[in-house]
Amino acid sequence: MSGTEKFFFLGAVTLAALVMSQASQDNAVLALNTAVSLPEEMPDDGNPSPPLTILTVSPSKTGYLDHLSACPGMSTAHAADVGPDLEVTDFKPLVLAAGKVRLATAPVGGGCFSSAYGMRNGRLHKGVDYYSDKPVPVYAAAAGRVRTRSYRNDYGNMLVIDHGDGVYTRYAHLESFAGVDVGDLVGPGDLLGIMGNTAGYKIPRHLHYEVLTGTWKPRLGSFALQPADVMSLPAADD
């Protein structure tokens, strides 16, 4: 088994544990907002995207989550900033990237925090994950222009938005897109799609969300950018 295959296998096992944990807890907290280990850039082999199913969901009243709970049974549930009720005690709903751009920390209509930014199995997990066992909407974290809408075996159906000032956000594993395409302008809280589990390997439904900074380059595109931990960014003023 190659290193990449082992990486995918470990990610799948971790997520399977989450699904089993969720199923065993009928009253588990699904408070406001996953986990899959994403590899470094992996070439797309040209396989077509799995068929998309457009699902009807009701957006939350505020769009973004204003508080966050860790997923039971996941490593995030044992973090120092998670209380006994699994609530993330120092959660900042809005953060400031590059000192200028206000971003939503959890741009989803529901779910729990299942995976943090950082090293995992010798690789950098370049974003945070939000899991939900039900389809929920995914929103634009801030105003911007869509730079990428594509399918990749590692990120599934993904969008990248340019927010200006060298700040970008990536939304991966979407089940379906909400009609937005490359070049379209979006506003903060605009519907981008539905949380899904698209990828070249089996994973549970979740959003992999990245904050990226730097200069977009023609050949590498978003993979020339530097990832940042959205949870570690300073809070934005209300």
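Refer to the structure presented above.
By convention here, each chain's residues receive numbers from 1 onward along its written sequence. Owing to the predicted nature of the model, reporting of local features is limited to residues with pLDDT of at least 70; listing and counting of side-chain atom pairs is limited to 80 or more, with chain, interface and lining totals taken over all residues. Note: side-chain values were computed over all heavy atoms of the structure, leaving out hydrogens and water.

Chemist: Just checking my understanding: could you explain the pattern of salt bridges for this structure?
Modeler: When the charged atoms of two side chains with opposite charge come close together, those side chains can pair. We count a salt bridge whenever a side-chain nitrogen from Lys or Arg sits within 4 Å of a carboxyl oxygen from Asp or Glu. Inspection of every chain in the model, using the stated rule, returns 6 salt bridges. With a closest N to O distance of 3.6 Å, Asp133 and Lys134 form a salt bridge. Notably, a salt bridge pairs Arg170 with Glu210, separated by 2.9 Å at the nearest N-O pair. Remark: Glu210 occurs in strand β13 (residues 206-213) and Arg170 occurs in strand β10 (residues 167-177); sequence separation between them is 40 residues. Throughout this description, buried means an accessible area under 20% of the type-specific maximum (1.4 Å probe, protein chains only), exposed means over 50%, and partly exposed covers the range between. For Glu210, a relative accessible area of 0% corresponds to the buried category. Each helix corresponds to a stretch of at least 4 residues labelled H or I by DSSP, and each strand to a stretch of at least 2 residues labelled E; elements are numbered beginning at the N terminus.

Chemist: Would you explain the state of the cysteines in this entry?
Modeler: Any covalent bond linking the sulfur atoms of two cysteines counts as a disulfide. When two cysteine sulfur atoms lie within 2.5 Å, the pair is treated as a disulfide. Following the criterion strictly, the structure yields 1 disulfide and no others. In this model, Cys71 is linked to Cys112 through a disulfide, with the two sulfur atoms separated by 1.9 Å. Handedness of the Cys71-Cys112 disulfide follows from its S-S torsion of about 95°: it is right-handed. Here Cys71 is found in the loop between α1 (3-23) and β1 (94-97), whereas its partner Cys112 is found in strand β3 (residues 112-115), with 41 residues between them in sequence.

Chemist: Is there a simple way to explain the pairing of strand β9 (residues 156-162) in this structure?
Modeler: Every regular strand shows the same layout, with side chains that alternate between the two sheet faces. Summarising burial for β9: 7 of the 7 residues are buried, a large majority. Strands are labelled as partners when DSSP assigns at least two bridges between them. With 7 bridges joining them, strand β8 (residues 144-152) and β9 adopt antiparallel strand pairing. Pairing of Ser150 across the sheet is with Met158, part of β9. The hairpin turn running from β8 into β9, its antiparallel successor, is 3 residues long. Pairing of β9 with β10, which is carried by 5 bridges, proceeds in the antiparallel orientation. Bridge assignment links Asn157 to a residue of β10, and that residue is Leu174. Counting the residues that bridge the hairpin from β9 to β10 gives 4 residues, and of these Gly164 lies at a positive phi of roughly 85°.

Chemist: Please explain the packing of aromatic side chains as it appears in this structure.
Modeler: When we look at a pair of aromatic rings, we describe it by the centre distance and by the angle of the planes. The criterion for an aromatic pair is that two Phe, Tyr or Trp rings (for Trp, the six-membered ring) have centres within 6.5 Å, with stacked assigned to planes under 30 degrees apart, edge-to-face to planes over 60 apart and tilted to the rest. The final tally for this structure, using the stated rule, is 4 aromatic pairs. Taken together, a centroid distance of 5.9 Å and an interplanar angle of 50° make the contact between Tyr155 and Phe223 tilted. Here Phe223 lies in the loop between β13 and β14 (226-228) and Tyr155 lies in the loop between β8 and β9, a separation of 68 residues in the sequence. Residue class for Phe223 comes out buried when judged on its relative accessible area of 18%.

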